[in-house]
Amino acid sequence: MTAVAFPIPDDVIAVADGVEAFLRREVFPRHQRDHALLSDPRRTYGEDGRYVPAVVDHIRGVRMAAAETGYYSMSVPAELGGAGMGMLAYFVVWERIYRLCGSHNWLGAYTVSHWAFGPSPVLLMVTDRARAEILTGMMEGRTSMCFGMSEPGAGSDATTIQTKAVQSGSGWRLNGRKIWTTNAPQADYCIVFAVTDPERASRRAGGISAFLVPTTSPGFTLESVIRMHGSVGGNEGSIVLEDVQLEPWQLVGELHDGFRIGLLGVSIGRIYNSARAVGLGRWAMEMALRYAQQREAFGKPIAEYQGVTFPLAETAMELHAAHLMALNAAALIDRGERAVKELSMAKAYAVEIGARALDRAIQTHGAMGFTNELGLVHAWQDVRSVNVADGTNEILRRTIAQRLLAGDTEL
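Residues numbered from 1 in each chain as written. Predicted model: local features only at pLDDT ≥ 70, side-chain atom pairs only at ≥ 80, totals over all residues. Heavy atoms only, no water.

### Observations regarding the overall build of the chain
Looking only at helices and strands, the chain features 12 helices and 10 strands. For the chain, whose C-alpha radius of gyration is 22 Å, the value lies close to the compact-globule estimate of 22 Å for 411 residues. Principal-axis analysis of the C-alpha atoms gives the chain an extent of 80 × 55 × 40 Å. Evaluated residue by residue, the chain yields a buried proportion of 54% over its 411 residues. The long-range share in the chain, meaning contacts at least 24 apart out of those at least 6 apart in sequence, stands at 73%. (Helix = DSSP H or I, 4+ residues; strand = E, 2+ residues; numbered from the N terminus. Rg over C-alpha atoms; globule rule 2.2 N^0.38 Å. Buried < 20%, exposed > 50% of the residue type's maximum accessible area, 1.4 Å probe, protein only. Contact = heavy atoms within 4.5 Å.)

### Describing the UniProt feature "domain: Acyl-CoA dehydrogenase/oxidase N-terminal" (unreviewed entry) in the chain
Per the UniProt annotation, the sites labelled "domain: Acyl-CoA dehydrogenase/oxidase N-terminal" (unreviewed entry) are residues 62–141. Structurally, residues 62–141 is divided into 44% helix and 0% strand, and its ends, taken at the C-alpha atoms, are 8 Å apart. (UniProt positions renumbered as here; feature names shortened; annotations may be inferred.)

### Some thoughts on the pairing of strand E1 (residues 145–148)
Neither face of E1 is exposed, since Met145 and Phe147 on one face and Cys146 and Gly148 on the opposite face are all buried. Bridging between E1 and strand E4 (residues 189–195) involves four bridges; their strand directions are parallel. Directly across from Gly148, in E4, lies its bridge partner Val192. (Pairing = 2+ DSSP bridges.)

### Regarding the environment of Leu404
Mapped onto the elements of the fold, Leu404 is located in helix H12 (residues 393–405). Looking at Leu404, the relative accessible area reads 33%, which means it is partly exposed. Ignoring sequence-local partners within four residues, the contact set of Leu404 consists of Lys341 and Thr409.

### Observations regarding the UniProt feature "domain: Acyl-CoA oxidase/dehydrogenase middle" (unreviewed entry) in the chain
Sites flagged by UniProt as "domain: Acyl-CoA oxidase/dehydrogenase middle" (unreviewed entry) map to residues 146–244. Taken end to end, residues 146–244 is 5% helix and 51% strand, and its first and last C-alpha atoms sit 17 Å apart.

### Re the environment of Pro248
Looking at the element boundaries, Pro248 is found in the loop between strand E7 (236–246) and strand E8 (251–252). Taking C-alpha positions, Pro248 is 9.8 Å from Arg129, a pair spaced 119 residues apart along the chain. Setting aside anything within four residues of it in sequence, one finds Pro248 in contact with Thr127, Ser170, Gly171 and Trp172.

### Observations concerning unusual backbone geometry
One non-glycine residue, Trp180, adopts positive backbone phi at about 60°. For Trp180, a relative accessible area of 45% gives the class partly exposed.

### Examining the packing of aromatic side chains
Applying the stated criterion to the full structure yields 10 aromatic pairs. Considering the side-chain rings of Tyr45 and Tyr51, the 5.2 Å spacing of their centres and the 15° angle between planes classify their relative orientation as stacked. Residue Tyr51 is classed as buried on the basis of its relative accessible area of 12%. With a centroid separation of 6.1 Å and 65° between ring planes, the pair formed by Tyr98 and Tyr272 is classed as edge-to-face. Taken together, the residues span a long stretch of sequence, with Tyr98 in helix H5 (residues 87–101) and Tyr272 in helix H8 (residues 259–294) at a distance of 174 residues. The same class applies to Tyr98 and to Tyr272, which are both buried. (Phe/Tyr/Trp six-rings, centres within 6.5 Å; stacked < 30°, edge-to-face > 60°.)

Structure (structure tokens):
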């Protein structure tokens, strides 16, 4: 019996089932064959904090294999050569990926193109020349990109970025810094946001533009890899941009109106992170339930103690609510609604209860819950991080309150 009353379209279920088969055929065997490399951070990362070349080869291999099946580009617009599936499909498939892969089979995260790393609706706004130069490699999974918006002094308030692109001949000269740029350590391209009209930017009336920048461009430097949660490496980068010369073909979207592109990407990211949190939460809950039925204390399985099972029941209630909220928000977006309030609610709630679900699963396992072997702590770290990414929970609550005060009180 399904727990969701309204039907998920047959084509969406078929794609999710196909992705599951792909994971079992292509991703899980990679982790089994190369377990030491992919599970031990001391081997996964080099001294500089980047993935070692063998790991990058695995990532590219998964992307390219998924591209051949069509799953990689499932939500890429048809105009770009993708299947054009909407946000409901995007959520359903990503939730399935994370529920099946957990933290152990993490290469599964490269099965579908993430909006900031691969082809997505964002690329509808690049110039014809840029599309001709980069699209084939991106659609085939050979190349990837990153999204350079956050800066040391501009996080939640992205309109205060200081990176500038100054007119230089027919193009621009780019200078500034970016931080928290995910996938930067191995990306081939970066969409960089920069101030192009300081006066408009100071009035928060535009003045920010987006540019497609090859990471091999003179003046583009990955200054460092940001290590988090005590790890020896990471996938977040700090970028320095020093007199990077830009040509007209590198402009993405309209001049001075690039912030709209950033908002589009962040909205897709909120669907993705909702799915990630719900999927990992369900993975952890199911693991905790199995353990509670097997582990004995005081002569009987700990599943017979309410102190163990009631928190898991609470987890199930919360995950079910988050699942339904995210499905609803995705369906509204596919229907053409902006769903600003609903998407903000779904993302804020999903990532909070996802972290709580993982914490309860750790507690159910006792000391074993903290071990690298189970991977629960690693999943908790991932979900804890997305309580900040693509809009902090505080910013999302601010957005929800603003919508309510403006009269959008339908629930």
